[in-house]
Amino acid sequence: MTVAIPSNPSTFDPINQGNHDAMVVNQLIFENLIEIDGEGRRRPMLAKAMPAISADRTEYVFELRDDVTFQNGQPFTAEDVKYSYDYMLDPAHKALRRSVWTNIESVDVLDRYKVRFKLKTPFRPFLDYMTKYMGIFPAGSREKYGNEIFQQKPEGLGTGPGIFVSARSNDVVEFRRNPNYWRKDNVGWDRLRVRIVSEEAARIAALLSKSVHIIGAPPVRDYIRLRQAKAQGITGGSRPALGSMMLMIHNTRKPPFDDPNFRKAVSLATDRKTIAEKIFNGLVEPSAVPAPASAWWYNANAAEALAFNLDKAKAYLAKSRYASGAEFELLYSSQGYLLDVGDAALFIQASLARLGIKVKLQPLETGQLIEQVFAGNQTSVLMAVIGPSDPTFIIQGIYTPNQVMTRSSGYSSERLNTLLSDSFRVDDEPSLGPILAEMQAILAEDSPSTWIGAIHSFNLWRTNVQGFEPNTGITLRLTDVAVTDPR
């Protein structure tokens, strides 16, 4: 089986991968205690069942599977879980995703197949985060093999269905089926090739020519045209991507986005409905706040305050320090990271020109784009952001101190930080709803980003592919997929 994704994996190390398209390669090798299935439901993975949780929600005890081995033949035990989390949490190792795990106080081995996580305080998103941004590797493996092996050639280091064979940068990553995989007969392929095909037209051509079976991030126009073209041997599908949004992340430390009135003007000048309907054909659900309009926690009043209104946009621009005009550079991925935002960038450029705001569009290769955003070097970037299904993940990651994308916005609000902490202590809609609503109201008032809407996961694949479905987490899920007729 051969699949095509738009961008190159920056690393194979599960605790340092920042590219969601490329996470497919990590997740074929490394697994977690629990996972999210294609429809977004939590289910046990390396754990036998969902954990026992203490009454104060600070202790999680997992019973582990006793029939799992690593690809190198080493048995999987609780010691491996403790080692993996302890290694990731050590500040000296500078794990990219460490910041989402710092609420862990300790990981304790209770017996060979039982492990306990103790948290410093209740942390509602804990199980959602555990399905992502992590992977279990053998105890002692970092010292034995070195980090370079995890980054470039992690053969035998995971428990997953795919054993790493080889990789050529910007070309292909090859896997062979793990013959001792614990799910036994679930793997539908013997060899798997993940091709890196950055050009959208080339991914479509590869699908039409039958040289690939599944493609990630297809262009919307081609997706609409081909998803029902079964006469050509192609089909497709979509579903809402949990924890996703498309937005412009403004660097509030840099002009002109250091002025809240200017930021509000940009948000009010953004016609989300047209972007969603005309550019993305309904595959983006418009929203001016960090919540899908269909979600139970959506704050309609906060969203309405930023609804498209050119007159209001002009009024806020006139109140800003940049009333006489401004210009800024807008970065976006040239490779369609998660989805292609190039046409939306052009539309936003034209829209802001009506206010006298000049936007210089700057496409970058996805890896370069992510590096610039994580470092906070951008003035503004248009991109899709995807995370676990928890409604606070994107807010936490971009606007709170010491998170992976904190530098990208440079924004901080003491009240927002307090509300975020409050939200971690509750787990029911009546308690959580007002907290999330106030968080959206603060972000609408301060407008550190311009929110466009929640995105859908959508893919195209050959009709001889069985068992594949779009994933709510966007990253391709390939374990159960099979090709019935390779011709």
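Here the residue numbers are simple positions, counted from 1 along each chain's written sequence. The model is predicted, so local features are restricted to residues of pLDDT at least 70 and side-chain atom pairs to those at 80 or more, both for listing and for counting; the totals for chains, interfaces and linings are taken over all residues. No hydrogens and no water enter the side-chain calculation; it runs on all heavy atoms of the structure.

Asker: Account for the sheet that holds strand β7 (residues 114-119), with residues named and values stated.
Answerer: Here, a strand pair is defined by DSSP locating no fewer than two bridges between the strands. By the criteria applied, helices consist of DSSP H or I runs no shorter than four residues and strands consist of E runs no shorter than two, each listed in order from the N terminus. What the 4 strands build is an open sheet, ordered β4-β5-β7-β6; its pairing is antiparallel. Both edges of this open sheet fall to β4 (52-53) and β6 (104-111), since each of them pairs with a single strand only. With 5 bridges connecting them, strand β5 (residues 59-63) and β7 associate as antiparallel partners. Residue pairing in the sheet places Glu 63 in a bridge with Lys 114 of β7.

Asker: Mind laying out the pattern of salt bridges, listing which residues take part and the relevant values?
Answerer: Side chains that differ in charge, positive against negative, can pair when their charged atoms come close. We define a salt bridge as a side-chain nitrogen of Lys or Arg found within 4 Å of a carboxyl oxygen belonging to Asp or Glu. This structure, assessed with the given rule, holds 24 salt bridges. Between Lys 82 and Asp 86 there is a salt bridge; the shortest N-O distance is 2.9 Å. One end of the pair is Lys 82 and the other is Asp 86, both in helix α2 (residues 78-89) and 4 residues apart, which spans about a single turn. The structure contains a network of salt bridges with shared partners spanning Asp 37, Glu 39, Arg 41, Arg 239 and Glu 469.

Asker: A description of the packing of helix α9 (residues 272-279) against helix α12 (residues 342-353) should follow, citing residues and the corresponding values.
Answerer: Close contact between α9 and α12 brings their axes to 11 Å; oriented N to C, the two are set at 145°. Between α9 and α12 lies a crossing whose hand is right-handed. Contacts between α9 and α12 involve Thr 274, Ile 275 and Ile 279 from the first element and Asp 343, Ala 344, Phe 347 and Ile 348 from the second. In this count, Pro and Cys sit with the nonpolar residues alongside Ala, Val, Leu, Ile, Met, Phe, Trp and Tyr, while Asp, Glu, Lys and Arg are called charged and the others, Gly among them, polar. Partitioned by chemical class, the residues of the contact of α9 with α12 number 5 nonpolar, 1 polar and 1 charged. Working convention: axes come from line fits to C-alpha atoms, limited for helices to the stretch in contact. Angles between N-to-C directions cover 0 to 180 degrees. Helix crossings fall into two classes, left-handed where the near helix is turned counterclockwise from the far one by less than a right angle and right-handed where it is turned clockwise. Note on contacts: a residue pair is in contact if any heavy atoms of the two residues lie within 4.5 Å.

Asker: Can you lay out the packing of aromatic side chains for me, pointing to particular residues and giving the numbers?
Answerer: Pairing of aromatic rings covers Phe, Tyr and Trp, the last counted by its six-membered ring, and requires centre-to-centre distances within 6.5 Å; plane angles under 30 degrees mean stacked, over 60 mean edge-to-face, and any other angle means tilted. For the structure on display, the rule yields 26 aromatic pairs. With a centroid separation of 5.6 Å and 80° between ring planes, the pair formed by Phe 123 and Tyr 129 is classed as edge-to-face. Classification of residues uses two cut-offs on accessible area relative to the type maximum, computed with a 1.4 Å probe and protein chains only: under 20% is buried, over 50% is exposed, and between them is partly exposed. Taking the relative accessible area as the measure of exposure, Tyr 129 reaches 0% and is therefore buried. Through a chain of ring-to-ring contacts, three or more aromatic side chains come together here, namely Tyr 60, Phe 62, Tyr 85, Trp 101, Phe 117 and Phe 126. Here the guanidinium or amino end of Arg 142 rests over the ring plane of Phe 137, the centre of that ring lying 4.3 Å away. Between the NZ or CZ atom of Arg 142 and the centre of the ring of Phe 150, over which it lies, the distance is 3.7 Å. Over a ring means this: the NZ of a Lys or the CZ of an Arg is within 6 Å of the ring centre and within 35 degrees of the ring normal.

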